[in-house]
Amino acid sequence: MPTNLLSFSGLSQVEELRRSLLDWYDRQGRDLPWRHTTDPYAIWVSEIMLQQTQVKTVLPYYDRWLAKFPTIETLANADQQTVLKAWEGLGYYARARNLHRAAQVIRDRHGGVFPQDYEATIALPGIGATTAGGILSAAFNQPVPILDGNVKRILARLVALPRPVRLALPQLWQLSQTLLDPQEPRRFNQAIMDLGATCCLPKTPTCPQCPWKFACTAYNLGVPAEFPMREEKAPLPHKRIGVAVIWNDHQQILIDRRPQSGLLGGLWEFPGGKVEPGETIEACIRREIQEELGIEVAVGPHLITIDHAYTHFKVTLEVHYCTYLSGEPQPLECDEIRWVTIQELEQFPFPKANVDIIKAIQERG
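## Describing the overall build of the protein
What the protein contains, in helices and strands, is 15 helices and seven strands. By principal-axis analysis of the C-alpha atoms, the protein measures approximately 80 × 50 × 35 Å. Expressed as a percentage of the 365 residues in the protein, the buried residues total 49%. Of the contacts formed within the protein by residues at least 6 apart in sequence, a portion of 68% connects residues at least 24 apart. Just so you have it, the protein exposes about 17300 Å², and 51% of that area is on carbon and sulfur atoms. In the protein, which carries 37 positive and 41 negative side-chain charges, the distance between the mean positions of the two groups comes to 7 Å.

This is the structure we're talking about:
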């Protein structure tokens, strides 16, 4: 891969790439609600929601979010639990926490107005270089490049990148900047994202419909699906988790709120923990409840088994009904605990796997 990416094509071919992509976008671009506004707040929300999440999943959340939090100020002033509940089901909850914190930073340091300066934008919680480029180009038509997963794949095929993307990020950023149309950065960035989402697909690219096939090295070599080059990945670790649905004599269930730091921070869950080698599920639950909450429970019948995958590991939740026996519940390894009724469970933000537990409780009663 050339170190000077202008030598890859020459200026005239760069201009042809820009022109052909924008012509394609005029015909094939997706009609998405955040493309009908230049409000940086609405665009910012869409950019965050679209991180590692498909458009069809985001659309209803986007509309509900803006109805509930129509401005940066309303989001900044909202309680975190309200924010997490509005995000419930979208996953990667750090995104919601960062949106909330960033809104408070904008309220407190920028007078409630989203900054137009790149350095101020990228300093906000949860905003990296690609997200900053997406916001600033879409909201203010600033010529700031992006390099999300779709764009990495397109560029790796365009130049037949001879090494994994992770090992060529500076060069790919340079290429993204080189190709970006300085006159129409808003449309160009939206177009290249659409090209990756609808045409330059990971496994089955529709190359005959691609406006860049004339310049795509991988296509002209006849091996587009071989790029980007793949790295060997270790198998995901698998954890078995014993989970307790603890009932008291008042037909209430004990739930706890996770610490702010770490995975699923600030969300509520049913208590439990990892099964140790040689340990039964029942023994795990009794031990974890004693360590986490300082109480004794009797482990009852099995409720549900749930398999769930996160980015870096998989879990199997073995959920049992339990009866509270003795001790005063204490938040020893969490931020807060509460006894709630089945009906009240709906009021709290839970991770997706725990939502499945709630459904099972509602069905079983």
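Further notes follow.
## What about the nonpolar core?
Within the largest apolar cluster, 36 residues are counted, with the highest numbers of intra-cluster contacts made by Tyr41, Trp44, Met49, Trp65, Leu75, Trp87 and Phe114. Every element with two or more residues in this core is listed here: α3 (40-49), α4 (55-68), α5 (72-77), α6 (80-87), α7 (94-109) and α9 (129-140). Sequence-distant contacts of Leu75, defined by excluding residues within four places in its chain, comprise Tyr41, Trp65, Phe69, Val83, Leu99, His100 and Ala103. The next biggest cluster of nonpolar side chains, apart from the first, holds 35 residues, and it includes Ile146, Ile154, Leu172 and Leu179.

## Side note on the packing of helix α10 (residues 149-158) against helix α12 (residues 185-198)
Contact geometry for α10 and α12: axes closest at 8 Å, N-to-C directions at 80°. One element, α10, and the other, α12, form an angle in the roughly perpendicular class. Contacts between α10 and α12 involve Asn150, Val151, Arg153 and Ile154 on the former and, on the latter, Ile192, Met193, Leu195, Gly196 and Ala197.

## Side note on the side chain of Asp181
You can see Asp181 is positioned in the loop between α11 (169-179) and α12. For the buried Asp181, which has no salt bridge, the nearest side chain bearing the opposite charge is Arg18, at an N-O separation of 5.2 Å. Polar side-chain contacts of Asp181 include one of 2.9 Å to the backbone nitrogen of Gln183. Ignoring sequence-local partners within four residues, the contact set of Asp181 consists of Arg18, Leu22 and Phe188.

## Some points on the pairing of strand β5 (residues 296-309)
One ladder, built from eleven bridges, connects β5 with strand β6 (residues 314-326); its direction is antiparallel. Each bridged residue has a counterpart across the sheet, and for Ile304 the counterpart in β6 is Val319. In textbook terms, the turn of a hairpin is the stretch between consecutive antiparallel strands, and for β5 and β6 this stretch comprises four residues.

## Quick notes on the packing of aromatic side chains
All chains considered together, the criterion is met by ten aromatic pairs. Between Trp268 and Phe348 the ring centres are 5.1 Å apart and the planes differ by 65°, which places this aromatic pair in the edge-to-face class. Separated by 80 residues along the polypeptide, Trp268 in strand β3 (residues 268-269) and Phe348 in the loop between β7 (336-340) and α15 (352-364) bring together distant segments of the chain. Members of the aromatic cluster, joined through ring pairs, are Tyr41, Trp44 and Phe114. The aromatic ring of Tyr61 is capped on one face by Arg64, whose charged end is 4.7 Å from the ring centroid. Above the face of the Phe313 ring, Lys239 is positioned so that its terminal group lies 4.3 Å from the ring centre.

Conventions adopted
Residues numbered from 1 in each chain as written. Predicted model: local features only at pLDDT ≥ 70, side-chain atom pairs only at ≥ 80, totals over all residues. Heavy atoms only, no water. Helix = DSSP H or I, 4+ residues; strand = E, 2+ residues; numbered from the N terminus. Buried < 20%, exposed > 50% of the residue type's maximum accessible area, 1.4 Å probe, protein only. Contact = heavy atoms within 4.5 Å. Areas by Shrake-Rupley, 256 points an atom, 1.4 Å probe, with all protein chains shown as cover. Lys, Arg positive; Asp, Glu negative; His and termini not counted. Charge placed at Lys NZ, Arg CZ, Asp CG, Glu CD. Core = buried A, V, L, I, M, F, W, Y, C linked by side-chain atoms within 4.5 Å. Axes fitted to C-alpha atoms, helices over the stretch in contact; angles between N-to-C directions. Parallel < 35°, antiparallel > 145°, perpendicular 65-115°, else oblique. Salt bridge = Lys/Arg side-chain N within 4 Å of Asp/Glu carboxyl O. Polar contact = N/O pair within 3.5 Å; in protein donor to acceptor, adjacent residues only side chain to side chain. Pairing = 2+ DSSP bridges. Phe/Tyr/Trp six-rings, centres within 6.5 Å; stacked < 30°, edge-to-face > 60°. Lys NZ or Arg CZ within 6 Å of the ring centre and 35° of its normal.

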